[in-house]
Amino acid sequence: MTTALMDGIARVVISEAEIARRVRELGREISADYRAGAAKDPRGRPLLVVGILKGAMPFMADLVRAMDIPLEYDFMAVSSYGNGTSPGEVRILKDLDCAIGRRDVLVVEDIVDTGHTLQHILAGLSARGPASLRVCTLLDKPHRREVEVPVDYVGFVLPENLFVVGYGLDYAEVYRNLPFVGVLKPEYIRDA
Ligand code: PRP
């Protein structure tokens, strides 16, 4: 038996229209900042936007199209070990294709939760000597933070106890293709 994608959704938390509006705002704000001096590359190369797979893919695709400055993009994939309640270890599964020394880099995430993933990514990228390093996340759960991480651009702040799926965020790898952010019905969540 096949299950329809929407069957598991209890409610929409952030609609497709709200996401689209906020992504356009973020694109305009980020573009203006880099035009106004956030870019520090002494050679003036285009901003490098780095998407963190897999969750950031839909957000990143929309965000770069909402930006009107020259840019390049690349991707990293990381995996975190652990059971979801402990930080675990973060491992790089796919690294950047290009060098970032003295370049301007903007990391794009779908969500920052405990901060462990981003902390690990930023430490690794900082060590390569970028000219500037900023972070944009669609969703932020600041009350869940276990380590302090700098986040420059936030789409939406979520309450700490809300587990959301959609627009890149998964439950057991499913629901990433929903055009909105929503919550699952309890009966669709298996006990760990
Ligand atoms: C999610 C998300 C962040 C990380 C945030 O990735 O994309 O990278 O968790 O959690 P943290 O702040 O507690 O470290 P996930 O490991 O679920 O992989 P995915 O992007 O492939 O879904």
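Residues numbered from 1 in each chain as written. Predicted model: local features only at pLDDT ≥ 70, side-chain atom pairs only at ≥ 80, totals over all residues. Heavy atoms only, no water.

(A) Main features of the packing of aromatic side chains. Applying the stated rule across the entire model yields 2 aromatic pairs. When the centroid spacing of 6.1 Å and the interplanar angle of 85° are considered together, the rings of phenylalanine 163 and tyrosine 171 count as edge-to-face. The exposure class assigned to phenylalanine 163 is partly exposed, which follows from its relative accessible area of 42%. Looking at tyrosine 171, the relative accessible area reads 16%, which means it is buried. Positioned over the ring face of tyrosine 34 is arginine 134, at 5.7 Å from the centre of the ring. (Phe/Tyr/Trp six-rings, centres within 6.5 Å; stacked < 30°, edge-to-face > 60°. Buried < 20%, exposed > 50% of the residue type's maximum accessible area, 1.4 Å probe, protein only. Lys NZ or Arg CZ within 6 Å of the ring centre and 35° of its normal.)

(B) Spotlight on the sheet that holds strand E7 (residues 153-157). What the 6 strands build is an open sheet, ordered E4-E3-E2-E5-E6-E7; its pairing is mixed. A strand with exactly one partner marks an edge of an open sheet, and here the two such strands are strand E4 (90-94) and E7. Taking the axes of each pair of neighbouring strands and ignoring which way they run, one obtains an average angle of 25° across the sheet. Examined bridge by bridge, strand E5 (residues 104-112) and strand E6 (residues 132-140) share 8 bridges and lie parallel to one another. (Pairing = 2+ DSSP bridges. Helix = DSSP H or I, 4+ residues; strand = E, 2+ residues; numbered from the N terminus. Axes fitted to C-alpha atoms, helices over the stretch in contact; angles between N-to-C directions.)

(C) Main features of the side chain of glutamate 109. Here glutamate 109 is to be found in strand E5. No salt bridge is formed by the buried glutamate 109; its nearest oppositely charged neighbour, arginine 176, is found at 8.9 Å. Dropping the residues within four chain positions of it, glutamate 109 is found in contact with Ile52, Ala56, Phe59, Thr117, Leu118, Ile121, Cys136, Thr137 and Leu138. (Lys, Arg positive; Asp, Glu negative; His and termini not counted. Salt bridge = Lys/Arg side-chain N within 4 Å of Asp/Glu carboxyl O. Contact = heavy atoms within 4.5 Å.)

(D) Representation of the packing of helix H1 (residues 16-38) against helix H2 (residues 57-65). Running from N to C, H1 and H2 cross one another at 55°; their axes reach a closest spacing of 8 Å. When the axes of H1 and H2 are compared, the pair comes out oblique. Handedness of the H1/H2 crossing: right-handed. Across the interface between the two elements, Val23, Leu26, Gly27 and Ile30 of H1 pack against Phe59, Asp62 and Leu63 of H2. (Parallel < 35°, antiparallel > 145°, perpendicular 65-115°, else oblique. Left-handed = near helix turned anticlockwise from the far one by under 90°.)

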